[in-house]
Amino acid sequence: MQNKIISKQDLVSFVNNLIKEKAAEEIVGVKASDGKYAFGELANASELCLDYDVTLLPPKKYFLPQKETVLKFKLGAKPSVEPVADAKSIIIIGVHPYDIKAIELCDAVYTSTNPDPNYLLKRNKATIIGVDCLNPNPKAFCPSLGTAIVESGFDLMLTDIGDSYVVAVGTGNGDKLLNKYAKTKAATDSELAQRDNQRRQALGKYKVSLNMPSSEVPGLLEASWDSPVFKEKSETCLSCGSCVMVCPTCVCFDVQDDIALTLDKGERYRQWDACMLVDFAKVATGENFRDDKEKRFRHRMYRKGMYLITRYEKPGCVGCGRCALACLAQIASPAETFNLLKEAS
Ligand code: SF4
Ligand code: SF4
């Protein structure tokens, strides 16, 4: 992989060039507001914040929007259906490695068995400029899952080494962007050593970890179906769904129809859904096969630690810690539950 150096000042010019020259229809990046961080449209490079800990929502929202129309229909004598799928080209700046891993999982979910045109259209028009996470949030546990550092899944990857960034070039598209809009030079061995040192130091800053290799988690869960840990942990759950709504590897949505008052037309939309909400597993007959919070809590843990891994051979949780930060009851971290199950086993 090619590695280049861009000074901090030249990175500002690079981002401003992308915006000014309209290198994509949308240029988005991480912005700070009241001590929180969120991906949003950039009007100027000065808005970009690259030394953040974690964003409120993951960049998944650009490929799977919270709410999205998927088709329009007409009723009456000549009914018709028109699929709706649109996408703008987008450059997303400042994606952390764990979110890149999460996007890889989403890609696997939305391309296997039944490829999702709405997701793919957006995904294929996206350029990802990553940045190494050097200031992890207090609930993150990425190193335990191998998601703290990535070698692929990005077009460009930045690592802060002081006055400049090392830029790993992941794709031809990334290379073209640099050549056209940025001033860079080749990275020296000493600069690459500085990058490795920065990454090593960051690994030492994580406060949460799994007390077992992550490869043991699926087997641990398989043996823990009847564990009292799920009941104990879920006792204070509010069934609010926040842990799911902020998660970069949660991919479920609900589909509903909106019919016009004239009853002659309407549209079908999908919106994020959450397996921690009471009626997620309610079926047409009125039965609910996860009718209490213990079952829903256990299901989420199995989903994160076993089901997704078994099916897609990728981490179902990337250790970003967003769920734990969002949970008022302070029970949502998969790491804590897996560690308790391990202790009880
Ligand atoms: S389960 Fe929690 S820690 Fe794991 S990826 Fe989802 S939000 Fe992040
Ligand atoms: S685990 Fe926490 S965030 Fe998730 S539904 Fe329960 S209370 Fe809400």
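A. Inspection of the environment of N288 at higher detail. Tracing the sequence through the fold places N288 in the loop between β12 (265-272) and α10 (293-312). Its relative accessible area of 17% is what places N288 among the buried residues. When the C-alpha positions of N288 and V278 are compared, they lie 8.6 Å apart, and in sequence the two are 10 residues distant. The residues touching N288, leaving out its near neighbours within four places in the chain, are V278, D279, A281 and K282. A polar atom in the side chain of N288 sits 2.7 Å from the backbone oxygen of V278. A polar atom in the side chain of N288 sits 3.1 Å from the backbone nitrogen of R290.

B. Expanded view of the site of ligand 1. Neighbouring ligand 1 are 13 residues, the closest being C247, C317, C320, G321 and C323. Of all elements in the fold, only α10 and α11 (322-326) reach the threshold of two or more residues within the shell around ligand 1. Grouping the constituent residues of the shell around ligand 1 by class yields 8 nonpolar, 2 polar and 3 charged.

C. Region of interest: the site of ligand 2. Taken together, C237, L238, S239, C240, G241, S242, C243, M276, C327, I331 and A332 form the complete shell of residues around ligand 2. For the shell around ligand 2, the per-class residue count stands at 8 nonpolar, 3 polar and no charged.

D. Structural view of the pattern of salt bridges. With the rule as written, the count across this model stands at 16 salt bridges. Close ionic contact of K101 with E104 constitutes a salt bridge, the shortest N to O distance being 3.7 Å. One end of the pair is K101 and the other is E104, both in helix α2 (residues 97-111) and 3 residues apart, which spans about a single turn. Between E191 and K185 there is a salt bridge, and its shortest N-O distance comes to 3.3 Å.

E. The arrangement of the packing of aromatic side chains in detail. Under the counting rule described, the total for this entry stands at 6 aromatic pairs. Between Y37 and Y52, the aromatic rings sit 6.0 Å apart at their centres with planes inclined by 50°, giving tilted as the arrangement. Highlighted residues: Y37 in strand β3 (residues 36-41) and Y52 in the loop between β3 and β4 (67-74), separated in sequence by 15 residues. Note on accessibility: Y37 and Y52 belong to one class, buried. Summarising the aromatic geometry, the rings of W225 and Y302 are spaced 5.1 Å apart at their centres and angled 85° between planes, so their arrangement reads as edge-to-face. Of this pair, W225 sits in the loop between α7 (217-222) and α8 (228-234) while Y302 sits in helix α10, and the two are 77 residues apart along the sequence.

F. Seen up close, the domain arrangement of the chain. Partitioning the chain into domains gives domain 1 (2-203) and domain 2 (214-344). Computed from C-alpha coordinates alone, the two centres of domain 1 and domain 2 are separated by 25 Å. Contact with domain 1, which involves 43 residues of that partner, is made by 39 residues of domain 2. Connecting domain 1 to domain 2 are 3 salt bridges. D99 is the salt-bridge partner of R322, the closest N and O atoms lying 2.7 Å from each other. Our count for the domain 1 to domain 2 interface comes out at 18 residue pairs in polar contact (both at pLDDT 80 or more).

G. Seen up close, the packing of α10 against helix α12 (residues 334-344). α12 packs onto α10 with a crossing angle of 95° between their chain directions and a minimal axis gap of 11 Å. Compared by their axis directions, α10 and α12 come out roughly perpendicular. The segment α10 lies against α12, with F297, R300, M301, K304 and G305 engaging P334, T337 and F338. Class assignment of the residues belonging to the contact of α10 with α12 gives a composition of 4 nonpolar, 2 polar and 2 charged.

Conventions and cut-offs
Residues numbered from 1 in each chain as written. Chains lettered and ligands numbered in written order. Predicted model: local features only at pLDDT ≥ 70, side-chain atom pairs only at ≥ 80, totals over all residues. Heavy atoms only, no water. Helix = DSSP H or I, 4+ residues; strand = E, 2+ residues; numbered from the N terminus. Buried < 20%, exposed > 50% of the residue type's maximum accessible area, 1.4 Å probe, protein only. Contact = heavy atoms within 4.5 Å. Polar contact = N/O pair within 3.5 Å; in protein donor to acceptor, adjacent residues only side chain to side chain. Near = heavy atom within 4 Å. Nonpolar A, V, L, I, M, F, W, Y, C, P; charged D, E, K, R; others polar. Salt bridge = Lys/Arg side-chain N within 4 Å of Asp/Glu carboxyl O. Phe/Tyr/Trp six-rings, centres within 6.5 Å; stacked < 30°, edge-to-face > 60°. Domains from an automatic or database assignment. Axes fitted to C-alpha atoms, helices over the stretch in contact; angles between N-to-C directions. Parallel < 35°, antiparallel > 145°, perpendicular 65-115°, else oblique.

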